[in-house]
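Residue strings, one per chain:
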Amino acid sequence: DYKPGGYHPASRGELYNNGRYILVRKLGWGHFSTVWLAKDTVSNAHVAMKVVRSDKVYTEAALDEIKLLKRVSSSDGFLEGFCEASKHILSLLDNFTHTGPNGKHVVMVFEVLGENLLALIKKYEHRGIPTMYVKQIAKQLLLGLDYMHRKCGVIHTDIKPENVLMEVGDVEAIVKMVELLDKQKRDQRKVHRRATRTSIETPTATAVSSRSSTSGSRERVSGRRLRRHTLITGSQPLPSPLSSTNFFEIKAQMMGQSLPRPMPTTPKTNVSAGEEEQATNSLSSMEISNTTGDDRTEEELRTDSDVIQVKIADLGNACWFDEHYTNSIQTREYRSPEVIIGCEWGASADIWSAACLIFELLTGDFLFEPDEGHSYSKDDDHIAQIVELLGEIPSQLLRTGRHARSFFNSRGQLRNISKLKFWPLKDVLREKYKFPEEEAQTISEFLLPMLRLNPSERADAGGMVNHPWLNDTVGLEGVQLSERQLYGSGADIPGWYREVAGHPRH
Ligand code: ADP
Ligand code: MG
């Protein structure tokens, strides 16, 4: 991928935009780009620079991304009642092009954020994040989506954990720590090299794997069809809430404690080189202190006023309510039924993905994790899993879906999978994930309206902000959107379930 047309081989100390930005270190990467920490010599603050692959398709997509970012970054939100919401979308600070050995790259400059939510899911070892944090993330995500859909006419189309990033608080102080740690690491490597006299390092450039934003394959705990039929028996002790979540440790450090000592890197298992790279690059995932374990209760955490702030990032696949760029949208596990079946789709597709994401935060598992078998495709399996959880696909989708015939026979039954075992969401939460009866009921009442199979009927983000489950969200207790109705569908939002036709190009 580091070849002409591909990623830019950036290096420490490299200058960008006529010397305005100085590159410091890598922060992350995605299918389209590599993302770097850089120092802005004009504002004297640090920024995140997204350097896009130089191929024509990526460049064109990046230019669209910039237009979309400019739309959501405009300050209108603050003036027009979306003040809280527009805070939850990553805003663009600058953009320019940069020429390197692999071609001309579009570069976008953003504020620096911390880890993405996949890193958080991993830190809780795929056993689910404490509900109090999930509520904060869910409410902010819904506020952000409501703003995008209702105010900006923008559809994200790739809502997933990797594309929602956490804030880190005092960026400059964290950068200081990170630079210190990077230097220590470099020094250690030098010593190690001298000691072994062999080079065991893989250059950073080759450590990037080819994970695609729309293929979404990643290692998870289970991967079989009908996995929901397998109950995990025996007790599954949860890790103490903060024992492995350095994000919070850094925040604690930020609250006036002295500079921490780095921790020896613990060996990780089952992580590909690319993922490990991803997992250890972000600012907030740096190992910064001896992890002594933390057995504070959720109640005590609450009094620490630890407020997670998240922002929706990566508009690289986003589009307009009246101008869709492609029908191949969404990463597999977060893909909505209308998109799989080939029906019309709109902003409500994001709501489906958001519900999948919230389930994943609560449980650590994908809501749907389709796989192909001898006699059925991934799509077959995906639809089967959806039906098992949510019931029959509405006839309207079967009538209008371009691919409906290849999945369903004339009686509306799946052609390639005959044995379905229905297992409603509430029961899955109770039986598989051991949520208490009442909580399972509430969570399922919260998620199901966002998982309505008919995209036109799906609950809209703004209405869901008003859900009772989110009433006690730390930091957002009073936040309600009186103009939106709980469980109401976004049918009044232009482009809610289909592209609005007849508009000029953006
Ligand atoms: P792509 O379009 O290539 O997927 P993203 O915008 O999703 O690019 O960025 C890739 C990764 O880089 C993200 O998952 C995240 O880990 C990291 N990243 C992106 N933007 C920032 C930022 N502003 N601050 C810190 N890390 C970021
Ligand atoms: Mg991405």
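Every value quoted in this text rests on a predicted model; they were computed, and no experiment measured them.

Reading the values: the criteria
Residues numbered from 1 in each chain as written. Chains lettered and ligands numbered in written order. Predicted model: local features only at pLDDT ≥ 70, side-chain atom pairs only at ≥ 80, totals over all residues. Heavy atoms only, no water. Helix = DSSP H or I, 4+ residues; strand = E, 2+ residues; numbered from the N terminus. Buried < 20%, exposed > 50% of the residue type's maximum accessible area, 1.4 Å probe, protein only. Contact = heavy atoms within 4.5 Å. Axes fitted to C-alpha atoms, helices over the stretch in contact; angles between N-to-C directions. Left-handed = near helix turned anticlockwise from the far one by under 90°. Salt bridge = Lys/Arg side-chain N within 4 Å of Asp/Glu carboxyl O.

*Asks:* Sorry if this is basic, but what is going on with the side chain of D146 here?
*Replies:* Mapped onto the fold, D146 is located in helix α5 (residues 131-152). In this structure D146 comes out as buried when scored by relative accessible area, which is 3%. Setting aside anything within four residues of it in sequence, one finds D146 in contact with F82, K151, D460, A461, G462 and L481.

*Asks:* Quick question: what am I supposed to make of the packing of helix α16 (residues 425-432) against helix α17 (residues 437-447) here?
*Replies:* Helix-helix packing: each pair is described by the crossing angle between the helix axes and the interaxial distance. It is the contact of α16 with α17, at a shortest axis distance of 8 Å, that shows an interaxial angle of 145 degrees. Crossing angle aside, the handedness with which α16 passes α17 is right-handed. Contacts between α16 and α17 pair L425, K426, L429 and R430 from the former with E437, A440, Q441, I443, S444 and L447 from the latter.

*Asks:* Would you mind showing me how to read the pattern of salt bridges here?
*Replies:* Opposite charge on two side chains makes pairing possible when the charged atoms of those side chains draw close. Counted under the stated rule, the structure contains 28 salt bridges. K50 is paired through a salt bridge with D314; the nearest N and O atoms lie 3.3 Å apart. Here K50 is found in strand β4 (residues 45-52), whereas its partner D314 is found in the loop between β9 (310-312) and β10 (319-320), with 264 residues between them in sequence. Here K50 matches D314 in class, with each residue buried. A salt bridge links D460 to R484, with the nearest nitrogen and oxygen atoms 3.1 Å apart. You can see D460 sitting in the loop between α17 and α18 (461-465) and its partner R484 sitting in the segment after α18, a full 24 residues away along the chain. Residue D460 is classed as buried on the basis of its relative accessible area, which comes to 2%. Here the residues in one salt-bridge network are K426, D427, R430, E431 and E437, joined through shared partners.

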